[in-house]
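Chains, contacts and geometry: an overview
Below, each chain spelled out in residue letters.
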Amino acid sequence: SYDNPERIVAYEVAHSIVDELDTLPRVKAELVWRKITERNRQKCKHPQGNTVGCVSTPDQGYSGFIYKRWFKQATEHHEVIKAPTASNPYLPSGYIEQIRQNYDAVLADLYLNGEIVSLQQNKVYHFFDRFDHHTDRILYPEDKEIMVGVDFNVGGCCAVVSVVEEGNPITVSEFVSHDTRDFCQRLDKYREDDRRIVVYPDASGSSQRTNASLSDIDIIREAGFAVDTPRHNPPIRDRVNAVNGLLSHSKWLVNTENCPNLTESLEAQGYDIKGQPEKFSEHPAIDDWVDAAGYFIHRRWSLGRLAFQTDIGFSP
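Residues numbered from 1 in each chain as written. Predicted model: local features only at pLDDT ≥ 70, side-chain atom pairs only at ≥ 80, totals over all residues. Heavy atoms only, no water.

Looking at the overall build of the chain
When helices and strands are tallied, the chain shows nine helices and eight strands. Counting only C-alpha atoms, the chain reaches 75 × 45 × 40 Å along its principal axes. Here the chain holds 316 residues, and 42% of them are scored as buried. Sequence separation of 24 or more characterises 69% of the internal contacts of the chain that already satisfy a separation of 6 or more. A total of about 17400 Å² of accessible surface is found on the chain, and carbon and sulfur atoms cover 47% of it. Charge-centre separation for the chain: the mean point of 35 positive side chains lies 9 Å from the mean point of 47 negative side chains. (Helix = DSSP H or I, 4+ residues; strand = E, 2+ residues; numbered from the N terminus. Buried < 20%, exposed > 50% of the residue type's maximum accessible area, 1.4 Å probe, protein only. Contact = heavy atoms within 4.5 Å. Areas by Shrake-Rupley, 256 points an atom, 1.4 Å probe, with all protein chains shown as cover. Lys, Arg positive; Asp, Glu negative; His and termini not counted. Charge placed at Lys NZ, Arg CZ, Asp CG, Glu CD.)

Written out as structure tokens, the structure reads:
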């Protein structure tokens, strides 16, 4: 399994097909590829000898294993076949348009055409514009439900407050607190009669302990707030893709005057040398603000891989 490549042992085959290898970070993909190719040693009469095929979307762009092995370090033993999504005659109607509507233009080109695209040279949230995505919307007393994304950090818990209108998020304010109990106290000011407050926290808060008996999420629930959190945080790239998908179609608006830290963070965060969004050790930092917003957005507007079914039959 890709999760446990050390267990790819004790068998031999003549040929292998490796599926979606570029969903893995480059270092792990290299290990998986090496372990699989080492098992390709069964004698065969194929004119090319033992072969390994890799069928994958180039998810990691220029920082991925696919680009390194089949483009940058390609030899006469490597062959690349690009198969655009549109060449599939069994796609359901509207499938390609659905991808273009959900994903930003850069990722749509990657997924639909198999193109190697730059995911590092641009800023992480390259579609954000403080003018195009600005709104004067504020929180009104009649807002019956608000959503609060929060990133837990000792000394700097960053929170962003949003409402949903016509199915899309609008972020109206932000605040920072010292710890979880301080967060709950600051969140109290948002209470109104029959208003529902839902907190979308960093999933690691279920194991962080602020005292001997209660986790951060337990403290939030005891304070009377609803909590919506997955068992584990989503992959960073999935969270980034969900945010960029909304921004590219102007489906997420931000009150940039009320949310100066979030605005600056969306404009500033870049990629590090490993191709990952920049992280900082001091808190609060720019990654804390975008993470807080990302937890909420991914939970409600995640961009899982689109799947489709066909009526192709196979005969034995």
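Next comes the rest of the write-up.
A short note on the sheet that holds strand β3 (residues 145-151)
By definition, the strands of a sheet pair up through backbone hydrogen bonds, in either a parallel or an antiparallel sense. Pairing is mixed in the open sheet, where six strands are placed in the order β7-β6-β3-β4-β5-β8. Each edge of the open sheet is held by one strand with a lone partner, namely β7 (226-227) and β8 (253-254). (Pairing = 2+ DSSP bridges.)

Some points on the side chain of K35
Inspection of the secondary structure puts K35 in helix α1 (residues 26-38). The buried charged residue K35 lacks any salt bridge partner; its closest oppositely charged side chain belongs to E38, at an N-O distance of 4.8 Å. Every residue in contact with K35, bar those within four places of it in the chain, is listed here: P5, E6, I8 and V9. (Salt bridge = Lys/Arg side-chain N within 4 Å of Asp/Glu carboxyl O.)

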